[in-house]
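One-letter residues, chain by chain:
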Amino acid sequence: MAWTKYQTILALTLVITGSINTLSTKWADNIQSESSDGQVRPFEHPFVQACAMFMGEFLCLLTFKALYYHFRRKNNGAEDRHDLVKGNREFSPFILFVPAMCDMIATSIMYVGLNLTYASSFQMLRGSVIIFVGILSVAFLNRNLVSREWIGILFIIVGLAVVGLSDFMSNGGDNSSYSRNNVITGDLLIILAQIITAVQMVYEERYVAGLDIPALQAVGWEGFFGFSVLGTLLIPMYFITVGPPFNNNPRGVLEDVFDALVQMKNNYQLVLAIMGTIVSIAFFNFAGISVTKEISATTRMVLDSVRTLVIWMVSLMLSWQKFHYLQIFGFGGLLFGMCLYNNILILQTYDRIRNLYARRRENDGQSDPIVNRRADEPDC
């Protein structure tokens, strides 16, 4: 079935804004600007960037409220029929506090990891969440994984290992800050964050999914809680001293929000990058929700893989990293494993090839008997 024009626009929006979100965050990491001590430094403020992301998610809540009151003013029950706002609105927002905290911790850790490794590796390694979701689903949701899903997880593990090996063998691209230790540390932090993200997904499936909360509203409340708590935590972070490679700011602390503001003031490109993070995550969530409703969740997963490819290609073109052939095999293993786990394309293609081969053999058996007759058989 062909996609409608609206569905095509949603798919493109999902890929483009999702790619912009990761690339704008990495762009900010690579920008240098004068700090509060007068020295020119890279912009390494992962917790400020995580706050920006949650601000973008919070915009989804404002969008939900605007749409809800817009439909409500019509007095024709449209607020209970439109896909973006219909659902249960009589619930305690604090049911979303736990997943919001998981999202806050995971995002903060991932952004620290992104400071240390490549944007393409960041996106590929996020695929490891499937492994932890599968294991936690068996443990806490009493779910039995079929053999196809276990084999998919195995391919994902192999793909992750190959991606990690390519990072280990890489020379760091054109940016000397990508030392081997930093890259491996960043990769491990990203994988650690996926464990926390998996906890969030399992929690949401067990306690939130059955409440029929409008998706925009759920994302928005999680953004509100994440921004509020992480914004408050920036205060103690200002006084916590850390060692390398996590202290590339004038005071050597976990996070220096005032230094981040000074650097943004001194380089307008940082403002553009941060705004790119805020706006792109809002549109990305909207497009993701809409693709799931208009097409399917599996299509959303495939498009997310396309986003990984886009980020990888752009990173290579901008010389943020050097090409390593192992990443092709790593990405292939991840993509094959994710498709197999989600029952997309792999088994269907295998069944089509098998059926085509069976029909061809059947047609060969039903061909002209004169052609198939043995040479020693008589004509009559």
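Above this text sits the structure in question.
Residues numbered from 1 in each chain as written. Predicted model: local features only at pLDDT ≥ 70, side-chain atom pairs only at ≥ 80, totals over all residues. Heavy atoms only, no water.

1. Focus on the overall build of the protein
So, step 1. Scanning the protein from N- to C-terminus turns up 14 helices and two strands.
So, step 2. When the backbone C-alpha atoms are referred to their principal axes, the protein occupies close to 105 × 60 × 40 Å.
So, step 3. For the protein, the proportion of its 380 residues judged to be buried stands at 46%.
So, step 4. At a minimum sequence separation of 6, the contacts of the protein that also span at least 24 residues come to 79%.
So, step 5. Per element, the accessible surface of the protein, about 19500 Å² overall, is 63% carbon and sulfur.
So, step 6. Distance between charge centroids for the protein: 4 Å, based on 28 positive and 30 negative side chains. (Helix = DSSP H or I, 4+ residues; strand = E, 2+ residues; numbered from the N terminus. Buried < 20%, exposed > 50% of the residue type's maximum accessible area, 1.4 Å probe, protein only. Contact = heavy atoms within 4.5 Å. Areas by Shrake-Rupley, 256 points an atom, 1.4 Å probe, with all protein chains shown as cover. Lys, Arg positive; Asp, Glu negative; His and termini not counted. Charge placed at Lys NZ, Arg CZ, Asp CG, Glu CD.)

2. A word on the nonpolar core
So, step 1. The biggest cluster of nonpolar side chains holds 65 residues, and the ones touching the most others in it are Leu96, Ile156, Leu230 and Leu334.
So, step 2. When sequence neighbours within four positions are dropped, the list of residues in contact with Ile156 reads Gly127, Ser128, Ile130, Ile131, Gly333, Leu334, Gly337 and Met338.
So, step 3. Counting residues in hydrophobic clusters, the runner-up holds 11 residues, among them Ala28, Ile31, Ala273 and Ile274. (Core = buried A, V, L, I, M, F, W, Y, C linked by side-chain atoms within 4.5 Å.)

3. Here we look at the packing of helix α2 (residues 46-72) against helix α3 (residues 97-116)
So, step 1. Interhelical geometry of α2 versus α3 gives an angle of 130° and a closest axis separation of 9 Å. Of the possible angle classes, the one that applies to α2 and α3 is oblique. Classified by chirality, the crossing of α3 by α2 is right-handed. Every residue of α3 that contacts α2 at Pro46, Phe47, Gln49, Ala50, Met53, Phe54 and Glu57 is listed here: Asp103, Met104, Thr107, Ser108, Tyr111, Val112 and Asn115. (Axes fitted to C-alpha atoms, helices over the stretch in contact; angles between N-to-C directions. Parallel < 35°, antiparallel > 145°, perpendicular 65-115°, else oblique. Left-handed = near helix turned anticlockwise from the far one by under 90°.)

4. Focus on the packing of α2 against helix α8 (residues 215-237)
So, step 1. For the pair α2 and α8, the least separation of the axes is 7 Å and the interaxial angle reads 145°. The way α2 lies across α8 gives a crossing that is left-handed.
So, step 2. The residue makeup of the contact of α2 with α8, split by class, is 18 nonpolar, five polar and three charged. (Nonpolar A, V, L, I, M, F, W, Y, C, P; charged D, E, K, R; others polar.)

5. Examining the pattern of salt bridges
So, step 1. Scanning the entire structure with this criterion turns up five salt bridges.
So, step 2. Salt-bridge contacts for Asp80 lead to Arg89; the nearest nitrogen and oxygen are separated by 2.6 Å.
So, step 3. On the accessibility criterion, Asp80 (47% relative accessible area) is partly exposed.
So, step 4. With relative accessibility at 23%, the residue Arg89 sits in the partly exposed group. (Salt bridge = Lys/Arg side-chain N within 4 Å of Asp/Glu carboxyl O.)

6. Some thoughts on the environment of Arg81
So, step 1. In this fold, Arg81 is placed in the loop between α2 and α3.
So, step 2. As for Arg81 and Phe71, which are separated by 10 residues in sequence, their C-alpha atoms are 9.4 Å apart.
So, step 3. When residues no more than four places from it in sequence are discounted, the contact partners of Arg81 are Asn76 and Lys86.
So, step 4. In this structure the side chain of Arg81 is engaged in a polar contact, spanning 2.7 Å, whose partner is the backbone oxygen of Asn76.
So, step 5. In this structure the side chain of Arg81 is engaged in a polar contact, spanning 3.4 Å, whose partner is the backbone oxygen of Gly77. (Polar contact = N/O pair within 3.5 Å; in protein donor to acceptor, adjacent residues only side chain to side chain.)

7. Focus on the packing of aromatic side chains
So, step 1. By the definition in use, this model includes 14 aromatic pairs.
So, step 2. Summarising the aromatic geometry, the rings of Phe94 and Phe225 are spaced 5.5 Å apart at their centres and angled 35° between planes, so their arrangement reads as tilted. Of this pair, Phe94 sits in the loop between α2 and α3 while Phe225 sits in helix α8, and the two are 131 residues apart along the sequence.
So, step 3. Ring pairing ties together the aromatic residues Phe58, Phe94, Phe97, Trp221, Phe224 and Phe225, which thus form one cluster.
So, step 4. The residue whose ring lies beneath Arg180 is Phe168, and the NZ or CZ to ring-centre distance is 4.6 Å.
So, step 5. It is Arg251 that lies over the ring of Tyr238; its NZ or CZ is 3.9 Å from the centre. (Phe/Tyr/Trp six-rings, centres within 6.5 Å; stacked < 30°, edge-to-face > 60°. Lys NZ or Arg CZ within 6 Å of the ring centre and 35° of its normal.)

8. A word on empty space enclosed by the protein
So, step 1. A full pass over the atoms with the stated rule returns one cavity of 30 Å³ or more.
So, step 2. Here the largest cavity defines a volume of roughly 40 Å³.
So, step 3. As for the largest cavity, its lining consists of Tyr118, Ser166, Asp167, Ser170, Gln321, Lys322, His324 and Gln327.
So, step 4. Residue classes in the lining of the largest cavity are distributed as one nonpolar, five polar and two charged. (1 Å grid on protein atoms, 1.4 Å probe; cavity = no way out; pocket = protein on both sides within 12 Å on 5 of 7 lines; lining within 4 Å. Points joined across faces, edges and corners; volume = space filled by probe spheres on them.)

9. Details of the environment of Leu125
So, step 1. Mapping Leu125 onto the fold places it in helix α4 (residues 119-125).
So, step 2. Classification of Leu125 by relative accessible area gives buried; the value is 2%.
So, step 3. Between the C-alpha atoms of Leu125 and Ala161, which are 36 residues apart in sequence, the distance is 9.7 Å.
So, step 4. Once residues lying within four places of it in the same chain are set aside, the contact partners of Leu125 are Leu160, Val163, Asp187, Ile190, Ile191 and Gln194.

10. Regarding unusual backbone geometry
So, step 1. Unlike most non-glycine residues, Asn142 shows phi in positive territory, near 55°.
So, step 2. By secondary structure assignment, the location of Asn142 is in the loop between α5 (129-140) and α6 (147-169).
So, step 3. Notably, Asp212 is not glycine yet its phi reads approximately 55°, a positive angle.

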